[in-house]
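Here is what each chain is made of, one letter per residue.
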Amino acid sequence: MNTTFRNEPLLELRRGPVRNEALQALAALDARLPLEVPMLIGDDVVTGQVFASVDPSNPTTVVANAHAATAAHVHDAITAAERGQQVWSKRPTTERAAALSRAAGILRSRRFELAALAVREAGKPWAEADGDVAEAIDFLEYYAQNALVLDAGRPLVQMPGERNSMRYVPRGVTGVIAPWNFPLAIAAGMVSAALATGNAVVLKPAEQAPACAKAVVDALHAAGVPHDALALLPGGDEPGKALVADPRIHTIVFTGSVAAGLNILQTAHTMVPGQRHVKKVIAEMGGKNAIIVDSDADLDDVVPGLLKSAFGFAGQKCSAASRALIHRAVADELTERLAGALSTLRVGPAADFGTDVPPVIDIAAQQRIEGYIDSAAPLAQGDTRDDGFYVPPTLFAGLPTDHKIIQEEIFGPVLSLETVDSVEHACELVDAGGFALTGGLFSRSPRTIEHVSERTPVGNLYINREITGAMVGRQPFGGGRLSGTGPKAGGPDYLLQFVEARAVTENTVRHGLVV
Amino acid sequence: MAPNARIPGMAAPTQERPLDLERPIREIGTDLAARMPRPRAVSTARVERRMTELLMKDPALRAALFRFVDVRPACSSPADVTRHLHEFLVDAESKTARRATGITGRPLAQRPIAVAAAAGVKRMAQQFIIGEDARDALPEITKLWRNGVETTVDLLGEATVSETEADTYMRRCEETLRALASAATKPGQVNLSVKVSALTPLLRPTAPERGIEGARPRLERLLRVAKEVGAHLHVDMESFDTREAITALTLDLLSKPEFADGPSAGIVLQAYLVDSPEHLDELLHWAQSTPRTHPFVIRLVKGAYWDHEVVQAAQMGWAPPVFTDRHECDRNFEALTKRLIDATPTVKVAIASHNLRSISHAAAYADARGVGNEDLEFQILRGLGDDTQAAIAATGRQVRAYCPVGDLVAGMAYLVRRLLENTANDSFLAAAASGTDTAELLEAP
Ligand SMILES: Cc1cc2nc3c(=O)[nH]c(=O)nc-3n(C[C@H](O)[C@H](O)[C@H](O)COP(=O)(O)OP(=O)(O)OC[C@H]3O[C@@H](n4cnc5c(N)ncnc54)[C@H](O)[C@@H]3O)c2cc1C
Ligand SMILES: NC(=O)c1ccc[n+]([C@@H]2O[C@H](COP(=O)([O-])OP(=O)(O)OC[C@H]3O[C@@H](n4cnc5c(N)ncnc54)[C@H](O)[C@@H]3O)[C@@H](O)[C@H]2O)c1
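Residues numbered from 1 in each chain as written. Chains lettered and ligands numbered in written order. Predicted model: local features only at pLDDT ≥ 70, side-chain atom pairs only at ≥ 80, totals over all residues. Heavy atoms only, no water.

According to UniProt, the positions carrying the feature "domain: Aldehyde dehydrogenase" (unreviewed entry) are residues 51–504 of chain A. As annotated, residues 51–504 of chain A has a helix share of 40% and a strand share of 20%, and its two end C-alpha atoms lie 50 Å apart. (UniProt positions renumbered as here; feature names shortened; annotations may be inferred. Helix = DSSP H or I, 4+ residues; strand = E, 2+ residues; numbered from the N terminus.)

Here's what the structure looks like:
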C-alpha cells in the first residue's frame, strides 16, 4: 500500500477521445437501466416496497428501482452489524486499510461507468460527476492511510516506574445518513471513515440516489468488508429516523440539511431504555455562503469565480455561493458584467458536455426554489426548460438584508448581490448569519486577505478563486455554527470522531525496583 | 573531433546529417548579436539590465513587484497605491524587499513613492503597449513601417464574459482594421492579431462546439472586413483548453469559398505542446487541400501559457500537455521550423521568437533551402524584442513587430506575463541580459 496520499487524477474531459469514452459508458449504462437496489442486510438481499430514482434531466427515465427499508429492516440491519462489529473491529488495521484501498481500486476500474451513473441519477454534469467518483476514491485511500497513522497511538509523558500508553479503539456500530448531492463521494467518505477505524456501518443513503450508494457498498463488499459489517438500507427519512433512535447505535454520521441535522441531534441525545452510552453525532449541514469582493479585486477573475460558485451543478452544493458582498467602488461594473455573463450560461441536460446549469434534483426542489425566485424581482435571469426539473439561473440585487433570499439556504441556482461600504462591513454581514460553512474573498491586498482570514467564522475560506470543489487532503471540509459540528471531512482530524481513546498505565515497580 | 578528422574507412556516423547547420547558425547569430545595441552604451538599458538581474536573484522581490504591477490599475488613489506596494514589500521576505519597506513605510514618503511607483508601472507599460487605441498608436506604427518593419496589432482587453463585451471587442477590431487601412501606404501592410477568447464568452474546454458557434459570426465578420480593406487577420493561440475550438473554427471559416481569395490569414503553432507535431500535420493537411490566393500563414511560437499549463495539469492530476524540459521544447521548435520551411510556399512561415539560437537556426535552414522573405518572416514582441528586430531588419530579413494596443487596465495581464517571461530564470532574454556570451547562447539545444 502506498503511504503518500495523492488525489485521484480527474478525467481529462477537454480531450475529445476521453469525452467519447464517457459517452460510450453512458450508452452502456442506459442499456442496463433501470438498476435494482435491494436492501443488503448481512448476507441477505432483501426486497420491500419499491420506489424509483429518476433522471432529473429526463424524469420519465427510471434510473433505479430501490427497495425501501422500514423500521423493522433497520432493526435487523443493526443486529447484523453488531455481529459485524465483533469481526471487523478485531481485524488488524492494516487489513482494514488494505480492504478500503482495494475498494478504491474497484471504483477506479469503473471510473467512467460510475460518473455516468451520477450524471443520470443525480443530474450531475460530467466534470462534477467525475469529480464525485474521484473524491470517493480519495476518501477511501486517505482514510485508509490515516487509520494506519492513528493506529500508532500518540506519545504520552513517561515517568520512572510507570508505563503509559494510549491507543484508539472503534466506538461501535455506526449509522451513516447521506445526502444525494455527492451521491458517491459523501457516502463513501462517511462509510469509509467509520470502517477504517473498525466500526461496522449501516448506511441509509438519500432516496434520490440509491444506485450510487449501492455502487460504493458493492465495491467495499467485493474488497473484503464482511457483509455483516456494512449494510445498505435504501429509503426516505423513516429508516433514517429509526436508525438514529436505535439504542444500539454508537455514532451517527450525517450530512444533509440543518433541519434534519437538528432533528437527528435531538433524537440521538434522548436516552432510551437499554441504552448504555451517549451517542455521538457528526453532522455536516447547510450553508449560506458569501463571497466578498473588495475594491481592488480583479473583476476578470471575479465574474467566472462567482458564476462557477453559484451556478455550477445548479447551486446544489453545500459550498455553493448564494451571496456576493461587493464593494461599492466596483459594484456597478461588476453587476453589469455579471448580468451579461448570466445569459451565457446554458441550461440543459447533465449529460450534455455543453451544459453549464443542469436541472435540480427533483420536483420538490424545483418548486421550493421557484418559490424563492418568485418572492422578489430578479435583476437578471437565464433560460429554463420544461423537459426536466429545470430552474432558471437567477440574479437578485439590492434586497433587504432580512429577505429570505438573503437569509435562507436555497440550494439552487440563485445568487443575490449586496453592495457594501467596505470589507469590514461585508465581514459584519457574514458574521450576523447563522451558517458558517464556506466563504470567499476576492482581494489583492495581503493585509485584507490576512484580516478576513482571521475574522471569518466560516470553516472553509477561499481567496481569489471559486469557493466550491474542496479536495481531500488539500481542503479539509466542514463548517461551524449551524453548518456542522466541526470535524473536517478529508482532513487529518476526521477519524478521531470515530474512535475512543483508551489510556493504560502500568506500575512497573516491584519490591522497590523498576522492572 | 572535427568531421573531416574521421579515420578513413571507419563507418560513417549512424545518422548521416544532410546539412550541417551549426556553422551557419553561429555565423548568422554572431552577426545578429553584433548588430544589437551594446547594452553598456545605453543607460536605460543598463538600468533595466540591473533590474532584471536583481529580480532574477530575488524571487520574493520579483513576486512583490509583479503583484504590484498587477493590482496597480485597480488602485483608486495614491494612498491606495502606496498601501498595496507597502503590503507586497512587507510580504516579500528578502533583504532587498525589507530595505524598500523602510522607505515606503514612512508616511512622509507616501505620496512621492506612490507617484513614482505609479509612473514606473506606466512607463514600463508604455514600453510594451504602443497606444490606447488604433489612432493613438498610428504614429508609432507608421514609424515602424517607414523603417521597413512590418507590424501586427493586438488589441488588449479585459476578459470577455458577455456577448456585449464580445461585440465591443469585435467593433474595436473592425475600427482598428479600418484606421490602419486608411494610413497604409502599400498593400498587405495592415495586419491584426485576434483572440478567439475575446470574441465569445462561450469557450468551454469540454464543449469546443459552443465556443466555435459563439465566435463564428464575429470572426467571420472580421474576415470580411479584412478582405474588404486588404488586411491580414491572424488568429492567436491561447491556452491548451481552447486549442481545439480555435483551430477548428479558423480552418472551418477559411474553408468557405468566399475566403479562398482573401483575406490573407493565419494561425499559431505552439512548439511547447508535446503533440504540436500532430497539430502541424493537421494544419498542413488542411493547407494542402485548401488552395488560397494568399498562402496560409503559420506563426511558430514556443507558447505563452507554460506556467498555467503546468499548474493546471498538476492540480488536476494530468500529464502536462507541454514539455517540461526547456531543451526538448527548443529542439521541437527547430524540428517544426524545418518542417514549416519545407512546406513553403503552400504555407507562409513566421518564426516568432526572441531567442537568437531559434532565430538563427530558422534563418540558416531557410538559406540552405533557398527560402526567402517571400515565404518567411521573423516576428518579435514590441518592447521585448526591439533590439532583435533592429538587428534582423539590418540583415535584410523580413521582420514584424507584434504591437499591443490598449489602456493600462486592459494591458496589465499582458504586461505581467511579459515581465514574468523576461525574468524567468530559463528565458533566453534573461540569459542574454545577465551577460551569457553569444557562443553559448547559440549552442544547439
Ligand atoms: C510575434 C509573437 C507572437 C506571439 N503569439 C503567440 C500566440 O499566439 N500564442 C502563444 O502562446 N504565444 C505567442 N507568443 C509568445 C511566445 O510564445 C513567447 O514569446 C515565447 O514563449 C517566448 O519565447 P522565445 O523563443 O522568445 O524565448 P525563449 O526564452 O527561447 O523561450 C521561452 C519559452 O520556452 C518555453 N519554456 C520555458 N520553460 C520551459 C520548460 N521548462 N520546458 C519547456 N518549455 C519551456 C515557454 O514557452 C517559454 O515561453 C508570441 C510571440 C511573438 C514574438
Ligand atoms: N456540510 C456538508 O458537508 C454538506 C455536504 C452536502 C450537503 N449538505 C447539505 O445537505 C442538504 C441537501 O441534501 P439533502 O436534500 O439530501 O438533505 P436532507 O437533510 O433532506 O437529507 C439528507 C439525508 O438525511 C435523511 N433524513 C432526512 N430527515 C431525517 C431525519 N429527521 N432523521 C434521519 N434522517 C433524515 C434523508 O433521507 C437523507 O438521506 C443541504 O442543506 C446541503 O447544504 C451539507
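Moving on from the model shown.
Residues of helix α8 (residues 237–245) of chain A that are buried include every one of P239, G240, A242, L243 and V244 of chain A, and no others. Buried residues along α8 of chain A sit in contact with α2 (71–90), β7 (174–177), β8 (201–204), β10 (251–255) and α9 (258–268) of chain A. (Buried < 20%, exposed > 50% of the residue type's maximum accessible area, 1.4 Å probe, protein only. Contact = heavy atoms within 4.5 Å.)

With that settled, consider the site of ligand 2. All names here are of chain A. Inspection of the region around ligand 2 gives 28 residues, with A178, K204, S257, M285 and E409 positioned closest. With respect to ligand 2, the side chain of K204 contributes an N or O atom lying 2.6 Å from an oxygen atom. Residue G256 places a main-chain N or O atom 3.3 Å away from an oxygen atom belonging to ligand 2. Its free accessible area being 850 Å², ligand 2 has 88% of it covered by the protein chains. Elements with a contribution of two residues or more to the shell around ligand 2: α8, β10 and α9. Residue composition of the shell around ligand 2, grouped by class: 15 nonpolar, eight polar and five charged. (Near = heavy atom within 4 Å. Polar contact = N/O pair within 3.5 Å; in protein donor to acceptor, adjacent residues only side chain to side chain. Areas by Shrake-Rupley, 256 points an atom, 1.4 Å probe, with all protein chains shown as cover. Nonpolar A, V, L, I, M, F, W, Y, C, P; charged D, E, K, R; others polar.)

Moving on to the UniProt feature "active site" (unreviewed entry) in chain A. All names here are of chain A. The positions that UniProt labels "active site" (unreviewed entry) are, in the present scheme, E284. Here E284 is to be found in strand β11 (residues 280–284). What makes E284 buried here is its relative accessible area of 10%. When neighbours within four sequence positions are excluded, E284 is seen to be in contact with F254, T255, G256, F477, G478, G479, S483, G484 and P487.

Another aspect to go through is the packing of helix α15 (residues 446–455) of chain A against helix α4 (residues 78–91) of chain B. Relative orientation and spacing of two packed helices are given, respectively, by the angle between their axes and the distance between those axes. Packing of α15 of chain A against α4 of chain B leaves a shortest axis separation of 8 Å and a crossing angle of 75°. Classed by the angle they form, the pair α15 of chain A and α4 of chain B counts as roughly perpendicular. Along its contact with α15 of chain A, which presents P446, R447 and T448 of chain A, the element α4 of chain B presents R83, H86, E87, F88 and D91 of chain B. Its residues placed into classes, the contact of α15 of chain A with α4 of chain B shows two nonpolar, two polar and four charged. (Axes fitted to C-alpha atoms, helices over the stretch in contact; angles between N-to-C directions. Parallel < 35°, antiparallel > 145°, perpendicular 65-115°, else oblique.)

Attention now moves to unusual backbone geometry. Residue L33 of chain A is joined to P34 of chain A through a cis peptide bond whose omega torsion reads -5°. Cis geometry marks the peptide bond from T344 of chain B to P345 of chain B; its omega dihedral reads 5°. Along the chain, the position of P345 of chain B falls in the loop between α14 (326–342) and β6 (347–352). Not every positive phi belongs to a glycine, and N464 of chain A is a case in point at roughly 55°. Relative to the elements of secondary structure, N464 of chain A occurs in the loop between β19 (460–463) and β20 (480–481). Take N464 of chain A: its relative accessible area is 35%, and that puts it in the partly exposed class.

Time to look at the sheet that holds strand β1 (residues 150–155) of chain B. Residue and element names in this part refer to chain B. The strand order around the closed barrel formed by eight strands is β1-β2-β3-β4-β5-β6-β7-β8, and the pairing between neighbours is parallel. The average angle at which neighbouring strand axes cross in this sheet is 30°, direction not considered. Here strand β4 (residues 264–270) runs beside strand β5 (residues 296–301); their pairing, made up of five bridges, is parallel. Within the sheet, the bridge partner assigned to V268 lies in β5 and is R299. Where helix α7 (residues 134–146) meets the sheet, its contacts fall on β1 and β8 (399–405), and the angle it forms with β1 comes to roughly 160°. (Pairing = 2+ DSSP bridges.)

Turning our attention to the site of ligand 1. Residues and elements named next belong to chain B. The immediate surroundings of ligand 1 are formed by 29 residues, with G303, S353, H354, N355 and F428 found nearest. With respect to ligand 1, the side chain of Q270 contributes an N or O atom lying 2.9 Å from an oxygen atom. Within the backbone of F428, a nitrogen or oxygen atom sits 2.6 Å from an oxygen atom of ligand 1. If ligand 1 stood free it would expose 940 Å²; the protein chains cover 94% of that surface. At the level of secondary structure, the elements contributing two or more residues to the shell around ligand 1 comprise β4, β5, α14 and β7 (376–381). At three residues, the largest contribution of residues to the shell around ligand 1 is made by β7. Per-class residue counts for the shell around ligand 1 are 14 nonpolar, eight polar and seven charged.

Here we come to the sheet that holds strand β15 (residues 394–397) of chain A. Residues and elements named next belong to chain A. Taken in spatial order, the seven strands make up an open sheet running β14-β15-β16-β13-β12-β18-β19, and their pairing is mixed. Each edge of the open sheet carries a strand with a single partner, namely β14 (380–381) and β19. In the sheet, β14 pairs with β15 via two bridges, with the strands oriented antiparallel. Directly across from A380, in β15, lies its bridge partner L395. The strands touched by helix α11 (residues 328–342) are β12 (289–293), β13 (321–327), β14, β15 and β16 (414–420); relative to β13, the strand with the most contacts, the crossing angle is about 140°.

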